[in-house]
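For reference, the chains in residue letters:
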Amino acid sequence: MIKDLDDLDGVDWAALGHAWGAADDVPDLLRRLAGPEPEVRADALNGLRGAVHLHGDVFDSTVAAVPFLLALAGNPRVPDRAGVLRLLAGIGGATRREDPEPDFVAARVAVVGAAPLLLRLLDDADPDVRRAVPATLLVQRGDAGTILASLHVRLAAEPDPDVRGALAAAVAGLGRLAAAGLVSGVDPAAVGTWFTNWFTDWSAADVRCRLAAAADLVDTAPEALADDLIPVVVELLRADLRAVAPETLPALDVSRWEDLSSEVTPTHISGLRPAGSRDALVEDLSLALDGRIEDRVALLTGLLSAGPPAARSAALRPALGLVGYWRGDYTDLVTLVGAQLADGRLAGRAALVLHHLDTLAAPAADALAAAVASAAPESRYGDGPPPWVVTWRGWEPTVGPTVWALAALDDDRALPAVRAIVDRDIPPGNSAPLAARYATTAPDLLPTVLRRCAGSTGDAAAGHRRVLTRVAAALGPAAAEAVPELLAGPIDLMTATALGSIGPAAAAAVPALRATLDRDGGIVAAVALWQVTGEATQSVELLGRHLDDPWDASHFAAEAAGRLGPAGAALEASLRALIDTDDDIHVAAAQALWRVAGDAETPLPALTRLWTARPGRRSEIAAHLATIGPAARPMRDLVAAELRERFRHSAALNGWSSMQVALDLALLRDSHTILAATSPP
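Residues numbered from 1 in each chain as written. Predicted model: local features only at pLDDT ≥ 70, side-chain atom pairs only at ≥ 80, totals over all residues. Heavy atoms only, no water.

### A closer look at the overall build of the protein
Put simply, the rule is: By definition, any uninterrupted DSSP run of H or I lasting at least four residues is a helix, any uninterrupted run of E lasting at least two residues is a strand, and each is numbered from the N terminus. Relative accessibility under 20% of the residue-type maximum defines a buried residue, over 50% an exposed one, and the middle range a partly exposed one, all with a 1.4 Å probe and only protein chains included. Any two residues having at least one pair of non-hydrogen atoms within 4.5 Å are treated as being in contact. Working definition of accessibility: Shrake-Rupley area with a 1.4 Å probe, residue cover restricted to the visible protein chains.
Within the protein, the regular secondary structure consists of 35 helices and 7 strands. Going through the 681 residues of the protein one by one, you find that 53% of them count as buried. Long-range contacts, defined as pairs at least 24 residues apart, comprise 65% of the intrachain contacts of the protein with a sequence gap of at least 6. Carbon together with sulfur atoms contributes 54% to the accessible area of the protein, which is approximately 28,500 Å² in total.

If you want it as structure tokens, here you go:
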């Protein structure tokens with residue numbers, strides 16, 4: 001059913017809800033969608049997305065809004081109908097992994113029921129509307145034969161290449177739905193054959209349609225792929241993108257640089273993928289190839305090795321996605337990404353890729369070193385080699401990505417930048433782990449930090465203290481001269497860690513550590529107290545209280561108990577009780593039981609279950625198994641099977657972690673160690 005906006009007051013919106021409470025604001029948002037002011041319409045559309053469809057959810061107000069959204073989409077006098085259609089596509093296609101709630105079902109039914117209207121809009125005068133309609137049609141369930149036939153008819157008459165691409169994508173989508181048994185009236189094999197012919201027959205002048213067809217062909221009929229598909233696609237892309245002048249590439253405008261500990265999604269890094277359908281085609285084709293790693297590498301290296309600037313730019317973000325999620329040999333690909341650091345327009349994008357690759361960036365080490373050597377000490381992020389320190393509008397400065405990438409390789413050519421960063425009036429917020437990485441390589445860093453701490457106040461003092469604690473913790477007893485400065489401030493978690501690492505030379509810290517035991521950071525202070533004094537009684541007593549309290553026992557407390565080793569023998573019973581409890585404690589308790597009591601066997605059944613049930617925890621489990629040597633033999637087959645996998649289990653399927661490559665590489669290294677230790681005699 002489609003309802004006119006005049007009927008809005010006939011709905012009791014206050015009795016309905018959305019993401020933020022009562023839905024009494026929805027009528028105003030819907031009316032503003034039809035208003036004359038573009039900014040007002042845009043705000044209204046964003047407001048609706050954030051209220052009735054936040055994070056893909058559907059509410060009773062969403063169902064009530066669908067008839068009015070359909071009326072807006074079907075009214076040619078309403079601007080921005082394409083945005084309304086995209087919202088309808090999201091609402092109608094919303095799903096839950098568990099049994100769908102009634103609102104989800106009702107929303108889909110409401111959109112599916114508007115198929116006659118949507119099919120008429122395939123012939124709309126506005127190409128933006130025609131481009132948005134096909135995705136909305138994919139909410140269809142049941143007989144989709146009429147929709148498929150209408151898509152084919154429109155394709156034959158459609159003059160706009162972007163619209164043709166959207167139409168073809170919908171054809172592919174119907175083929176996938178039919179293969180999954182979700183629609184009838186569509187033959188998946190016939191859809192695959194159609195795409196094969198479409199890719200082969202279209203003239204070279206229609207490059208973007210041929211490229212879109214190639215991606216859909218991979219999705220719908222991979223068995224029909226020709227051996228020369230990738231070389232043909234690379235040549236098509238080179239030809240299409242050669243016409244894009246380098247000076248017309250969008251400038252790189254990254255609104256914020258995320259530090260190594262943060263969670264980011266590549267789409268949140270503005271500028272890595274310049275807007276435009278050509279860049280989307282490269283990424284879509286790479287994603288469609290999925291686990292065909294060799295074909296994806298061939299596609300991207302083909303563009304990066306001899307492509308025009310626009311082609312090389314379009315290959316960078318897909319390269320990050322490929323290496324970030326799949327294991328493989330990326331030597332040539334990473335080398336070519338590194339080569340883009342010498343191209344001023346592409347250097348910033350290439351640096352964003354290399355920053356996330358950990359030691360896989362090694363083939364680009366020389367290029368990274370050259371970029372760091374030629375970079376400015378401090379500037380805004382943009383074209384050219386990224387600076388050592390990036391300054392942001394409204395944010396604190398951060399260490400630049402090329403310095404981080406080179407440091408991840410433990411390359412001493414980063415040291416001039418590291419020394420300059422540590423010696424700033426206010427060090428960047430993420431400079432502490434960078435300084436710690438080079439603490440033993442460059443012993444002059446500690447005196448530099450101590451000098452800075454002695455002469456700073458306010459934010460500067462806090463920043464230098466963060467660096468000092470990390471450097472002192474890395475140096476251990478060699479940082480004894482830092483004890484007075486460490487004691488000059490509060491004994492927080494990192495300060496206690498540093499004092500414990502220094503050991504007996506930090507004896508002056510004992511009163512302060514004891515005073516911290518009953519405050520936040522007390523667990524770390526307990527371990528530090530033992531490291532400094534060699535007396536474990538007070539530390540064991542405190543850790544025992546944490547481990548025995550079911551509301552307080554934590555991974556943190558179990559890990560701390562393990563650091564005591566045999567001195568924590570009195571904690572053995574508490575650790576055993578944690579082995580079969582919450583999986584956040586399994587691994588830490590297993591590690592601690594091994595270190596405290598030498599028992600590697602008791603936790604193995606729990607670790608085996610966790611290995612299978614929570615693949616994302618395998619890096620942590622493997623790190624423990626690598627320490628227990630032959631005792632890990634019962635899990636050998638699981639570890640061997642892991643080495644045959646190609647997908648990185650550390651990768652979040654619905655997001656991006658800047659540490660996922662590093663975690664997976666550690667998992668692979670530890671797995672090889674385990675196999676070597678458990679091999680038959």
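There is more to say after this.
### Looking at the packing of aromatic side chains
For clarity, the threshold we go by: Stacked, edge-to-face and tilted labels apply to pairs of Phe, Tyr and Trp rings (six-membered ring for Trp) whose centres lie within 6.5 Å, assigned for plane angles under 30 degrees, over 60, and everything in between, in that order.
Overall, the coordinates contain 3 aromatic pairs when judged by the stated rule. Both rings, one in Trp-13 and one in Phe-68, keep their centres 6.1 Å apart while their planes meet at 50°; by these two values the pair is tilted. Of this pair, Trp-13 sits in the segment before β1 (17–18) while Phe-68 is found in helix α3 (residues 60–74), placing the two residues 55 residues apart along the sequence. The residues Trp-13 and Phe-68 share a single accessibility class, namely buried. Through successive ring pairs, a cluster of aromatic residues spans Tyr-325, Trp-326 and Phe-647.

### Notes on the sheet that holds strand β7 (residues 395–399)
Where we set the bar: Strands pair, by our definition, only if DSSP identifies at least two bridges between them. Here an axis means a line fitted to C-alpha atoms, over the contact stretch when the element is a helix, while the angle between two N-to-C directions is reported on a 0 to 180 degree scale.
Spatially, the 3 strands line up as an open sheet ordered β5-β6-β7, and their pairing is mixed. Every other strand in the sheet has two partners, leaving β5 (378–380) and β7 as the edge strands with one partner each. Each adjacent strand pair in this sheet contributes to an overall mean axis angle of 30°, direction not counted. Here strand β6 (residues 389–392) pairs with β7 via 3 bridges, running antiparallel. Looking at the pairing, Trp-392 lines up with Trp-395 of β7.

### Regarding unusual backbone geometry
In this model, Asp-80 sits at a positive phi of 60°, which is unusual for a non-glycine residue. The class for Asp-80 is partly exposed, based on a relative accessible area of 41%. Here the phi dihedral of Asp-410 falls at roughly 55°; this positive angle occurs in a residue that is not glycine. Tracing the chain through its elements places Asp-410 in the loop between α19 (401–408) and α20 (415–422). For Asp-410, a relative accessible area of 47% corresponds to the partly exposed category.

### Side note on the environment of Pro-511
As for its placement among the helices and strands, Pro-511 is situated in helix α26 (residues 510–516). The sequence separation of Pro-511 and Leu-529 amounts to 18 residues, and the corresponding C-alpha distance is 9.4 Å.

### Topic: the environment of Leu-167
Secondary-structure assignment places Leu-167 in helix α9 (residues 161–179). For the pair Leu-167 and Leu-155, spaced 12 residues apart in the sequence, the C-alpha separation amounts to 6.7 Å. The residues touching Leu-167, leaving out its near neighbours within four places in the chain, are Leu-122, Pro-134, Leu-151, Arg-154, Leu-155 and Glu-158.

### Focus on the pairing of β6
Remember that side chains alternate between the two faces of the sheet whenever the strand is regular. Burial of β6 is two-sided: the residues Val-389 and Thr-391 facing one way and the residues Val-390 and Trp-392 facing the other way are all buried. Two elements, β5 and β6, share 3 bridges in a ladder whose sense is parallel. Counterpart to Ser-379 in the pairing with β6 is Val-390.

### Quick word on helix α2 (residues 38–52)
Put simply, the rule reads: Multiplying one less than the number of residues by 1.5 Å gives the expected span of a helix.
If you check α2, its first and last C-alpha atoms are 21 Å apart, about what 15 residues at 1.5 Å a residue would give, namely 21 Å. Of the positions making up α2, those classed as buried are Arg-41, Ala-44, Leu-45, Leu-48, Gly-50, Ala-51 and Val-52. On the buried face of α2, the contacting elements are β1, α1 (26–33), α3 and α4 (81–93).

### Some details on the pattern of salt bridges
The following threshold applies: Any carboxyl oxygen of Asp or Glu that lies within 4 Å of a side-chain nitrogen of Lys or Arg is treated as forming a salt bridge with it.
All chains considered together, the criterion is met by 30 salt bridges. Here Asp-123 ties to Arg-154 by a salt bridge, and the two come within 2.8 Å at their closest N and O atoms. A residue pair is termed long-range when its members are at least 10 positions apart, and Asp-123 in the loop between α6 (115–121) and α7 (127–137) and Arg-154 in helix α8 (residues 145–157) qualify at 31 residues. The exposure class assigned to Asp-123 is exposed, which follows from its relative accessible area of 53%. The partner of Glu-378 in a salt bridge is Arg-424, and the shortest N-O contact between them spans 2.5 Å.

### Notes on the packing of helix α15 (residues 309–325) against helix α17 (residues 347–355)
Where we set the bar: Throughout this description, any angle smaller than 35 degrees is read as roughly parallel, any larger than 145 degrees as roughly antiparallel, any in the 65 to 115 degree range as roughly perpendicular, and the remainder as oblique. Here the term charged refers only to Asp, Glu, Lys and Arg, the term nonpolar to Ala, Val, Leu, Ile, Met, Phe, Trp, Tyr, Cys and Pro, and the term polar to all other amino acids, Gly among them.
Close contact between α15 and α17 brings their axes to 9 Å; oriented N to C, the two are set at 10°. The orientation of α15 relative to α17 falls into the category roughly parallel. Residues Ser-313, Leu-316 and Leu-320 of α15 form the contact with α17, whose participating residues are Arg-349, Ala-350 and Val-353. Its residues placed into classes, the contact of α15 with α17 shows 4 nonpolar, 1 polar and 1 charged.

### A few points about the side chain of Ser-61
Relative to the helices and strands, Ser-61 resides in helix α3. Beyond its immediate chain neighbours, meaning those up to four positions away, Ser-61 contacts Trp-13, Leu-16, Gly-17, His-18, Ala-23 and Val-52.

### Considering the confidence of the model for the protein
Formally: Confidence scores labelled pLDDT are given residue by residue by the predictor and lie between 0 and 100.
Considering every residue of the protein, the mean pLDDT works out to 86; 88% of them sit at 70 or more. Ranking the elements of the protein by mean pLDDT puts helix α11 (residues 207–220) last, at 69, and helix α16 (residues 331–339) first, at 98. Considering only residues more than four positions removed or in separate chains, one finds that residues 253–276, a stretch of pLDDT under 50, has 57 contacts.

### Thoughts on the nonpolar core
Here is a general trend for soluble globular proteins: nonpolar side chains tend to be buried in one another's company. Put simply, the rule is: We define a nonpolar core as any set of buried Ala, Val, Leu, Ile, Met, Phe, Trp, Tyr and Cys residues linked to one another through side-chain atoms lying within 4.5 Å.
Of all hydrophobic cores here, the largest spans 147 residues; its most connected members are Leu-299, Tyr-330, Leu-354, Leu-513, Leu-575 and Leu-625. With 10 residues, the top contributor of residues to this core is α15. In this structure, Leu-354 is in contact with Val-334, Val-337, Gly-338, Leu-341, Ala-361, Ala-364, Leu-368 and Ala-405, ignoring residues within four places of it in sequence. Listed in part, the 66 residues of the second largest apolar core include Leu-30, Leu-117, Ile-147 and Val-171.

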